[in-house]
Amino acid sequence: GCVKAGLRGALIVLEGCDRSGKSTQCSKLVERLVQEGRQVLLMRFPDRTTPIGQMIDSYLQQTVELDDHVVHLLFSSNRWEAMRKMTELLQSGTTIIVDRYAYSGVAYSAAKGLSVDWCRQPDVGLLKPDKVLYITVSPEKAAERGQFGTERYEKLDFQQKVNNMFLYLKDPSYWQTVSGEGSIDVVHAEIYKLATQTIKESEHLPLLKLWT
Ligand code: TMP
Ligand code: MG
């Protein structure tokens, strides 16, 4: 294996709209890194397995209605409840690949009309990712991939608003845009290259906090 004493793992986030291929790419990346003998874990937000995550799940499946502010704070709480575990894992050398993070939190809520500034506040102080890989797919290409599901937010006009919010939020100092329009293997090759570079570059860097 490649477990090196004293080196921390990297926190790498994949972001993008629904149907951008994030979840497929997260799984493929983690599978490859595990095969190489690296210490790596896949996480996703929302984590629907916790009590807070179950409330979020009911909201997304449209079986309950919640005030926009309330659900925003639930999404943020759902990240906060994972911070201790994530910090310990990173410090013990495990790389964490995360499917969505605080950027989805802000982008989706702000696309509903909440202020960006208000939306950022509950996530201030979360672990800052070493790299955000933003996967882009044109609305036409996303449409070719079949119908959206029936969850809340899975509508073309809303996704376009979300995409605009992501572009507004993106911070070139640690974000990289990856075209999600190639084949699964082509997109994977690009993400793998960027992820392994990030793991190497982050080994000796301190863990930072988000939006501080
Ligand atoms: P998923 O499809 O990746 O499971 O995410 C579920 C939906 O939740 C997706 O439409 C994006 C949205 N979302 C938010 O609105 N706020 C958040 O903080 C996160 C992580 C996701
Ligand atoms: Mg989804």
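About the thresholds
- Residues numbered from 1 in each chain as written.
- Chains lettered and ligands numbered in written order.
- Predicted model: local features only at pLDDT ≥ 70, side-chain atom pairs only at ≥ 80, totals over all residues.
- Heavy atoms only, no water.
- Near = heavy atom within 4 Å.
- Polar contact = N/O pair within 3.5 Å; in protein donor to acceptor, adjacent residues only side chain to side chain.
- Areas by Shrake-Rupley, 256 points an atom, 1.4 Å probe, with all protein chains shown as cover.
- Helix = DSSP H or I, 4+ residues; strand = E, 2+ residues; numbered from the N terminus.
- Pairing = 2+ DSSP bridges.
- Axes fitted to C-alpha atoms, helices over the stretch in contact; angles between N-to-C directions.

Just to check I follow, could you spell out the site of ligand 1 for this structure?
Around ligand 1, the surrounding shell holds 13 residues, and the nearest of these are Arg48, Phe75, Arg79, Arg100 and Gly105. The contact in question runs from an oxygen atom of ligand 1 to an N or O atom on the side chain of Arg44, over 3.3 Å. Between ligand 1 and Arg79 there is a distance of 2.8 Å, counted from an oxygen atom to a side-chain nitrogen or oxygen. In isolation ligand 1 offers 480 Å² of accessible surface; the protein chains occlude 94% of this area. The set of elements that each furnish at least two residues to the shell around ligand 1 consists of α3 (68–80) and α5 (102–111). Looking at the shell around ligand 1, the element that brings in the most residues is α5, giving three residues.

How should I be thinking about the sheet that holds strand β5 (residues 175–179) in this particular structure?
In a beta sheet, neighbouring strands pair by backbone hydrogen bonds and run either parallel or antiparallel. One open sheet holds the five strands; their spatial order is β2-β3-β1-β4-β5, and the pairing between them is parallel. What marks the edges here is a single partner per strand, and that holds for β2 (40–44) and β5. Ignoring which end each strand starts from, the neighbouring axes of this sheet average 20° apart. Across four bridges, strand β1 (residues 11–15) lies against strand β4 (residues 131–136) in parallel orientation. Counted as the bridge partner of Val13 is Val132 from β4.

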